[in-house]
Amino acid sequence: MVAISQVREQIATIKNLGSGLVAVFVGGTSGIGLSTAREFTRHATAPHIYLVGRNEAQASEIITELKTINEFATVDFIKSDVSLLKNVDLACQEITKKESKVNLLVLSAGIMTTQGRTETSEGLDRKLSLHYYSRMRFIDNLLPSLTRAASSGHLARVVSVFSPGHEGKLIENDLDLKHNYSLSNAAAQASTMTSLYMTRLSATHPSISLVHSLPGGVNTNLMRDFNPLVRCLTSGLLTLMTPLGSSVGLLSVKESGERHAFAATSPLFAPRVEGGLTVGADGEKGSGAYRVNYDGSIVEAKLALLKGYLGSGVGDKVWEHTREVFRKATGGL
């Protein structure tokens, strides 16, 4: 566990990473994404912040807040429903028209729901799209910009806030769960494919850190689609338990933001190159992807499962499936 005092000491040094860092927060207008954006903006030197979300009115207030936190920050909002991959492409095009490099990509857009499979106009389940497909599409689209940041010796990192350690057995003949959908299957499928896809990306982009981060229990608006009674009861329970803190895996929204700003910038999760190959958190050559717990420790759970999938070619199958979904949804690569 990384103590919160160490976390705060580290994020106070973000200012030393250079002026004008470009950071993109997808889901950055609420919850963990917003809290992380606050902490990054607070400590960075003249950063350029992009917030991607749906609530334009809320974003206007956030822009004012962030510029109050750091008067030298530039903050832009991109309105987008990122459950659609075509919208992801448009958002990325807007960023890359303005920026030659991106230093940080934080992905936290998501939803908790009791509804079953709910298809988008692109034929994907909305939950799976938000938690997996659209996030990987953001990474793919911004890889050239991240690579340029890395080649100039600056921060180049991706943080996807989801559920490492909760991977599970894949339904290999139905990766998008058109025929075997359940909430538990969707959660396990998205988590497992995230870890496999990010590991595959790290092998071909060793200068970029890819972090799959577990947030722990944080009282956010992620349960907005629950019925009011369940939402109220769950929120109340989290509020009562939050004072117990990280000892039971519960964090305040502020501490979660601090810890994700830490995951986004700490040298602990920088690319490690030995003998020309990246060495990841598990010490395996060829792996530059990190699975990080809510307390800053490395996630060890389900490592054998992931190694088995990578060694047996299932990781390649997930890669090809994801690329095919991209092609069908967007008409391109």
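This text gives an overview of the structure that appears in the document. Computed from a predicted structure; not experimentally measured.

Quick look at the side chain of Thr 192 now. In this fold, Thr 192 is placed in helix α6 (residues 183-204). Judged by its relative accessible area of 0%, Thr 192 is buried.

Attention now moves to helix α10 (residues 314-330). Spanning 17 residues, α10 covers 24 Å between terminal C-alpha atoms, matching the ideal 24 Å at 1.5 Å per step. Within α10, the full set of buried residues consists of Val 314, Gly 315, Val 318, Trp 319, His 321, Thr 322, Val 325, Phe 326 and Ala 329. Summarising the axial view, the buried residues of α10 lie within an arc of 165 degrees, below the 170-degree limit, and thus occupy one face. Contact partners of the buried residues in α10: α4 (85-98), α5 (126-151), α6 and α9 (303-312). Phi for Gly 331, located one or two positions after α10, is positive at around 75 degrees.

Following the criterion strictly, the structure yields six aromatic pairs and no others. Taking 4.9 Å as the distance between ring centres and 70 degrees as the angle between the ring planes, the aromatic pair formed by Tyr 132 and Tyr 133 counts as edge-to-face. Relative accessible area serves as the criterion here: at 0%, Tyr 132 is assigned to the buried category. The exposure class of Tyr 133 is buried, given its relative accessible area of 0%. Ring plane angle 90 degrees and centroid distance 6.3 Å describe the contact between Tyr 132 and Tyr 197, whose orientation is recorded as edge-to-face. Residue Tyr 132 is found in helix α5, and its partner Tyr 197 is found in helix α6; the two are separated by 65 residues along the sequence. Neither residue differs from the other here; Tyr 132 and Tyr 197 are each classed as buried. Put simply, the rings of Tyr 132, Tyr 133, Tyr 197 and Trp 319 touch in pairs and so form one group of aromatic residues. For the cation-ring pair, Arg 137 lies above Phe 326, with the distance from its terminal atom to the ring centre recorded as 5.0 Å. The ring of Trp 319 carries the charged tip of Arg 200 above its face, separated from the ring centre by 4.5 Å.

Our focus in this paragraph is the pairing of strand β11 (residues 289-292). Every second residue of β11 is oriented toward a common face, with Ala 289 and Arg 291 on one face and Tyr 290 and Val 292 on the other, all of them buried. In terms of strand pairing, strand β6 (residues 209-213) meets β11 through four bridges, oriented parallel. Its bridge partner being in β11, Val 211 is matched across the sheet by Tyr 290.

Turning our eyes to something else, we now look at the packing of α4 against α10. It is the contact of α4 with α10, at a shortest axis distance of 8 Å, that shows an interaxial angle of 85 degrees. The angle between α4 and α10 places the two elements in the roughly perpendicular class. Here α4 contributes Leu 85, Lys 86 and Asp 89 to the contact with α10, which in turn contributes Val 325, Phe 326, Ala 329 and Thr 330. In the contact of α4 with α10, the residues fall into four nonpolar, one polar and two charged.

Counting across every chain of the model gives one cavity of 30 Å³ or more. Roughly 80 Å³ of internal volume is contained in the largest cavity. Around the largest cavity, the lining is made up of 14 residues, and of these Ser 213, Arg 259, His 260, Asn 293 and Tyr 294 lie nearest the centre. Considering only residue class, the lining of the largest cavity consists of seven nonpolar, five polar and two charged.

Strand order across the open sheet formed by seven strands is β3-β2-β1-β4-β5-β6-β11, with parallel pairing between neighbours. Of all strands in the sheet, those bounded by a partner on one side alone are β3 (74-79) and β11. Here the average twist between neighbouring strands, direction ignored, is 15 degrees. With five bridges joining them, strand β1 (residues 22-26) and strand β2 (residues 48-53) adopt parallel strand pairing. If you follow Phe 25 over to β2, its bridge partner there is Leu 51. Sitting on the sheet, α6 is in contact with β5 (157-161), β6 and β11, with an inclination near 170 degrees to β6.

What follows concerns the side chain of Asp 140. Within the fold, Asp 140 resides in helix α5. For Asp 140, the residues in contact, after removing those within four places along its chain, are Tyr 197, Leu 201, Arg 323 and Phe 326.

Turning next to helix α1 (residues 4-11). In an α-helix, one turn spans 3.6 residues; hence positions three or four apart end up facing the same way. Among all positions of α1, only Val 7, Gln 10 and Ile 11 are buried. The buried residues of α1 occupy an angular sector of 90 degrees when projected down its axis, which confines them to one face.

What follows covers the nonpolar core. With 55 residues, the main nonpolar core has Val 26, Leu 105, Phe 138 and Ile 139 as its most contacted residues. No other element matches α5, which puts twelve residues into this core. The contacts of Ile 139, once residues within four sequence positions are left out, are Leu 105, Leu 107, Val 158, Leu 201 and Leu 210. By size, the runner-up hydrophobic cluster in this structure holds 36 residues, among which are Val 2, Val 7, Ala 59 and Phe 77.

Conventions and cut-offs
- Residues numbered from 1 in each chain as written.
- Predicted model: local features only at pLDDT ≥ 70, side-chain atom pairs only at ≥ 80, totals over all residues.
- Heavy atoms only, no water.
- Helix = DSSP H or I, 4+ residues; strand = E, 2+ residues; numbered from the N terminus.
- Buried < 20%, exposed > 50% of the residue type's maximum accessible area, 1.4 Å probe, protein only.
- Expected span 1.5 Å × (residues − 1).
- Arc of directions from axis to C-beta.
- Contact = heavy atoms within 4.5 Å.
- Phe/Tyr/Trp six-rings, centres within 6.5 Å; stacked < 30°, edge-to-face > 60°.
- Lys NZ or Arg CZ within 6 Å of the ring centre and 35° of its normal.
- Pairing = 2+ DSSP bridges.
- Axes fitted to C-alpha atoms, helices over the stretch in contact; angles between N-to-C directions.
- Parallel < 35°, antiparallel > 145°, perpendicular 65-115°, else oblique.
- Nonpolar A, V, L, I, M, F, W, Y, C, P; charged D, E, K, R; others polar.
- 1 Å grid on protein atoms, 1.4 Å probe; cavity = no way out; pocket = protein on both sides within 12 Å on 5 of 7 lines; lining within 4 Å.
- Points joined across faces, edges and corners; volume = space filled by probe spheres on them.
- Core = buried A, V, L, I, M, F, W, Y, C linked by side-chain atoms within 4.5 Å.

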